[in-house]
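So you can see what is in the structure, the chains are spelled out below.
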Amino acid sequence: MPPPNGHGQKEEIKRQLDLLWSERWGRLPLTVFALLLTAIYLPLWVSLLCTFVDIGCELVTMRYMRALDPKRHRWRYRFVLACTFVMQLAYAIAPALIWQMNDEYAKAFAVGLVMATLMQLISARTIHMPFGYSGFAAATTAILIGNTNYWLMQSDYHGLAFSTLAAIGGLAYTLIAMLSNNRLHRSAALDRKAALESNKAKSRFLTQMSHELRTPLNAILGMGHAEQRRSKDALSQNRLSVLISAAEGLSTILDDILDMSAIEAGRLPIRPQPAKPQREIAATLALFQPAIASAGLWLTQDVGPRLDEVWMFDPQRLRQCMSNLLSNALKNTAQGGIHVSAQMVLRASEAPLLCVEIADTGPGIPTAMHKTLFEPFSQNRKPKAGADSNGLGLSICRTMAQQMGGDLAIAPNRPGQSGARFILTLQLGAAPPAPEANPPLIPAPPNQARAHAGTPMRPVGGTEAGGTSQKSAGLCVLVVDDIATNRLVASTYLRMLGATMIEAESGAQALAVLAGMTPDLILLDMNMPEMNGLETLAKIRALPAPAGKVPVIAMTANAMADHRDLYLSSGVDGYLAKPINPARIEAEIKAVLDKAQGPAAS
């Protein structure tokens, strides 16, 4: 194994320091105890001096090993090597002095002390071998000089020869063990580095593949939704429904894979905020109600009264977990229906729990499979025809629930009950006091507010058949994306919602548009050539009002949680991960406009 380069030596010293520092409370007191025991045979001042020098040099070396780079800090590096030599010499001198006594117990005690320091060199000083060599040289010096002096004083040259040969053999074995341990440390460090680099490469691959797949998926879903709304033919409607369902399924798989990657990296974000559990549960059930009804199933609910109060939790993760459980129940239930129960569980000394129970009347899951149910890629029951599953959802949901202070478990059925019964729990925190005045739930269209202030409106384009949204009707939206297909999808959805739009294929074009007029909202792609989304956003925010204050929603194929946090912290007002659909774009527009209207309304 080749010797490490400069950067490798710096990393070795850091790992060496981490090991010494982590074991300091066990190693240093034992060293002090062992050296003070030498006062049985040595003068007390000698024992104290050896103890003071050993511990003092140990603390000094750990202090100066911090951020030590042998190439940049040559003199500091040599100083640490010298301190290591003196430290080991101070320890080894004590047994060398005791060895001079004609007492078999003293000699046994001296041998024990020498073995202890050699074991310490093997176990704790071999990550960066120059430090190990320095300590080994000090121990070797004290051992050989002490042994030689004793036998010469006895004028016993045979004893000197045999004892020296034995000492050299022991020291040689110690050196071999040190080198072997060093190779193990370096091999483990290289394996860890390779694993980290492999994990980074996997993350880059997942991010890139997610980005590349989301753009065509966005086009498939966009055109599918548009044609489904326009088509009057039942066969075409059915075919388009299959197309949209397949594309949405692929999108779900992408989201699950990214969530699993974030979980493995420990980067799954939980964002508690004030919200009403009852409202989030109702919104999730409303989303699934049409699909459940079209499958000929019933959906019932029982929500406790206190859940209509405001609590601190992550509403997005609650909806995500419930959506997965409801989706699984729908996939696996051919007859009967789904019952959802939500209650608050009060605990004496801890925060209350939100307990959501979702039970279906499907075939259920055998008890023997409950142990592996929450493992990734585990599929313990066969969904009904036409329904697919990747086996990641339950594993992801359980991790989310545990990070929110709860859990996800499968419960045994009650007497006379069939199907599967899942219980989702999460911790509810006390919400901060609500402000005195609340903004209106549905804001007035921003252009109307500006018209009163003297800013002219400039509607562009028209609506497309298929219904409009009261919240989005009349809005003028600037869509900025370098890919024409994405602009077409966004414009199609906006026209479905009754909004008008202006297109820009680059950040520069968007700034040119803003120089001549002020839209109500901007949908901004974050991955554009020349001027990317963040650079475009910075230039938009630098414009004078009202153009510089226009709400901006990031519309991007970067769907990792890190990307979302980066964009929101950079100043965008909302975030849409591709592929988008009419419901998501409408919900995000409403949320952003509600937020923008809030300060003015209050």
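Computed from a predicted model, the values in this text were never measured in an experiment.

1. Details of the sheet that holds strand S12 (residues 552-556)
Working definition: the strands of a sheet are paired by backbone hydrogen bonds and lie parallel or antiparallel to each other.
Part 1 of the reasoning: Ordered in space as S10-S9-S11-S12-S13, the five strands form an open sheet in which the pairing is parallel. The open sheet is flanked by strand S10 (500-504) and strand S13 (574-577), the only strands paired with a single partner. If you compare each strand with its neighbour and ignore which way they point, the axes differ by 20° on average.
Part 2 of the reasoning: Seen against the sheet, helix H14 (residues 507-516) touches strand S9 (476-480), S10 and strand S11 (521-524) and runs at an angle of roughly 155° to S9.
Part 3 of the reasoning: Where helix H15 (residues 533-541) meets the sheet, its contacts fall on S11 and S12, and the angle it forms with S11 comes to roughly 160°.

2. What about the packing of aromatic side chains?
Part 1 of the reasoning: Applying the stated criterion to the full structure yields seven aromatic pairs.
Part 2 of the reasoning: With 5.9 Å between their ring centres and 45° between their planes, tyrosine 77 and phenylalanine 131 make a pair best called tilted. You can see tyrosine 77 sitting in helix H4 (residues 74-98) and its partner phenylalanine 131 sitting in helix H6 (residues 129-153), a full 54 residues away along the chain. In this structure, tyrosine 77 and phenylalanine 131 share a single accessibility class: buried.
Part 3 of the reasoning: When the centroid spacing of 5.1 Å and the interplanar angle of 80° are considered together, the rings of tyrosine 150 and tryptophan 151 count as edge-to-face.

3. Concerning a nonpolar patch on the surface
Part 1 of the reasoning: A contiguous nonpolar patch, built from Leu36, Leu44 and Leu48 and spanning about 270 Å² of accessible area, is present on the exposed surface.
Part 2 of the reasoning: Assignment of secondary structure puts leucine 44 in helix H3 (residues 44-64).
Part 3 of the reasoning: Residue class for leucine 44 comes out exposed when judged on its relative accessible area of 53%.

4. Let's talk about the environment of glycine 571
Part 1 of the reasoning: With respect to the helices and strands, glycine 571 occurs in the loop between helix H16 (561-569) and S13.
Part 2 of the reasoning: By relative accessible area, which is 29% here, glycine 571 ends up partly exposed.
Part 3 of the reasoning: Between the C-alpha atoms of glycine 571 and alanine 554, which are 17 residues apart in sequence, the distance is 9.8 Å.
Part 4 of the reasoning: Apart from residues no more than four positions distant in its own chain, glycine 571 is found in contact with Leu537 and Arg541.

5. A look at the pattern of salt bridges
Part 1 of the reasoning: Applying the stated criterion across every chain yields a total of 13 salt bridges.
Part 2 of the reasoning: A salt bridge links glutamate 280 to arginine 319, with the shortest nitrogen-to-oxygen separation between them at 2.4 Å. With glutamate 280 in helix H9 (residues 277-294) and arginine 319 in helix H10 (residues 315-331), this pair connects stretches of sequence that are 39 residues apart.
Part 3 of the reasoning: Glutamate 280 gets classed as buried once you look at its relative accessible area, which sits at 12%.
Part 4 of the reasoning: Classification of arginine 319 by relative accessible area gives partly exposed; the value is 31%.
Part 5 of the reasoning: Several salt bridges converge on common partners, so that one network encompasses Arg27, Glu58 and Arg125.

6. Thoughts on the packing of H10 against helix H11 (residues 393-403)
Part 1 of the reasoning: Relative orientation of the contacting elements H10 and H11 amounts to 150°, with a least axis distance of 10 Å. Here H10 is positioned roughly antiparallel relative to H11, judged by the angle of their axes. Here H10 runs over H11; the crossing is left-handed. Residues Arg317, Gln320, Cys321, Asn324, Leu325 and Asn328 of H10 touch H11, and the partners they reach there are Gly393, Leu394, Cys397 and Met400.
Part 2 of the reasoning: Considered class by class, the residues forming the contact of H10 with H11 number five nonpolar, four polar and one charged.

Scoring rules and cut-offs
- Residues numbered from 1 in each chain as written.
- Predicted model: local features only at pLDDT ≥ 70, side-chain atom pairs only at ≥ 80, totals over all residues.
- Heavy atoms only, no water.
- Pairing = 2+ DSSP bridges.
- Helix = DSSP H or I, 4+ residues; strand = E, 2+ residues; numbered from the N terminus.
- Axes fitted to C-alpha atoms, helices over the stretch in contact; angles between N-to-C directions.
- Contact = heavy atoms within 4.5 Å.
- Phe/Tyr/Trp six-rings, centres within 6.5 Å; stacked < 30°, edge-to-face > 60°.
- Buried < 20%, exposed > 50% of the residue type's maximum accessible area, 1.4 Å probe, protein only.
- Patch = residues over 30% accessible without salt bridge, like charges linked within 9 Å, V, L, I, M, F, W, Y side chains within 5 Å.
- Areas by Shrake-Rupley, 256 points an atom, 1.4 Å probe, with all protein chains shown as cover.
- Salt bridge = Lys/Arg side-chain N within 4 Å of Asp/Glu carboxyl O.
- Parallel < 35°, antiparallel > 145°, perpendicular 65-115°, else oblique.
- Left-handed = near helix turned anticlockwise from the far one by under 90°.
- Nonpolar A, V, L, I, M, F, W, Y, C, P; charged D, E, K, R; others polar.

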